[in-house]
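Secondary and tertiary structure notes
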Amino acid sequence: MAIKPVLRMGNPLLLQRAEEIAQFDTPELHALIQDMQDTMAHMNGAGIAAPQIGVSQRVVIFGVGHNPRYPDAEQVPYTVLVNPVLRPIGDSKEEGWEGCLSVPGMRGIVSRYSRLHYSGFDQYGNPIDRLVSGFHARVVQHECDHLDGILYPMRIDDLRKFGYTDVLFPDADIADD
Ligand code: NI
């Protein structure tokens, strides 16, 4: 359908709590997901949340095959997740580098729960229920944070571990976003 402009940090829409989807399998929801998919693919994102394209609804998509933005990352199955609920398993957290299409050209170290259970629905209303860990768990936490108006820099404990991608990783072939 269309590649949409991605809102960047500073836009107040990114700080709002997004609304639940009340009806599944509607033309509006399918069109939204198509736009998110086109935009994510165009930007080589690992995921995108509806608020990032200016739609304040609780919809995220994510998935990582081989991604030039995350060349060493584990693969994550392509997933459409509507009205997600996340439940961390245990208190164990791990640190890892994150970037965001709404914070272009930067990376920061964020601590996230290592394991979690997530549930929600796909665009047709079929339930999704998964137990995940590692990078998959990180991506879900990052994307679902967008639905509560949280951007990853707000989760950085040590701002010395936040910077421009090309300065942090001068030798890496990471897409400049
Ligand atoms: Ni993001």
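The structure we're discussing is the one just above.
In short, a report on the structure. (Residues numbered from 1 in each chain as written. Predicted model: local features only at pLDDT ≥ 70, side-chain atom pairs only at ≥ 80, totals over all residues. Heavy atoms only, no water.)

1. A few points about the coordination of the nickel ion
The test is simple: The donor set comprises N, O and S atoms within 2.8 Å of the metal, extended to 3.2 Å for Na, K and Ca; water molecules are omitted, so apparent gaps in a site may simply reflect that omission. Only DSSP runs of H or I covering at least 4 residues are called helices, and only runs of E covering at least 2 are called strands; the numbering of each starts at the N terminus. Burial classes: relative accessible area under 20% of the type maximum marks a residue as buried, over 50% as exposed, and values in between as partly exposed (1.4 Å probe, protein chains only).
Surrounding the nickel ion are the protein donor atoms Cys100 (SG), His142 (NE2) and His146 (NE2), which sit 2.1 to 2.3 Å from the metal. Coordination of the nickel ion draws on donor residues from a single chain, spaced C-x41-H-x3-H in sequence. Here cysteine 100 is found in the loop between β4 (93-98) and β5 (106-113), whereas its partner histidine 142 is found in helix α2 (residues 134-147), with 42 residues between them in sequence. Judged on exposure class, the residue cysteine 100 and its partner histidine 142 are both buried.

2. Regarding the state of the cysteines
Selection criterion: Two cysteine sulfur atoms form a disulfide, by the criterion used here, when they sit within 2.5 Å.
Per the counting criterion, the structure on display carries 0 disulfides. Looking at cysteine 144, it has no disulfide partner, and the nearest cysteine sulfur is the one in cysteine 100, 13 Å off.

3. What about the pairing of β5?
To be explicit about the condition: When DSSP finds two or more bridges between two strands, those strands count as paired.
Burial within β5 is extensive, with 7 of its 8 residues counted as buried. The pairing of β4 with β5 spans 6 bridges and is antiparallel. Across the sheet, the residue bridging to glutamate 98 is glycine 108, located in β5. Bridge analysis of β5 against strand β8 (residues 162-164) gives 3 bridges, and the strand direction is antiparallel. Paired with arginine 107 across the two strands is glycine 163, which belongs to β8.

The values are spatial; any link to function lies outside them.
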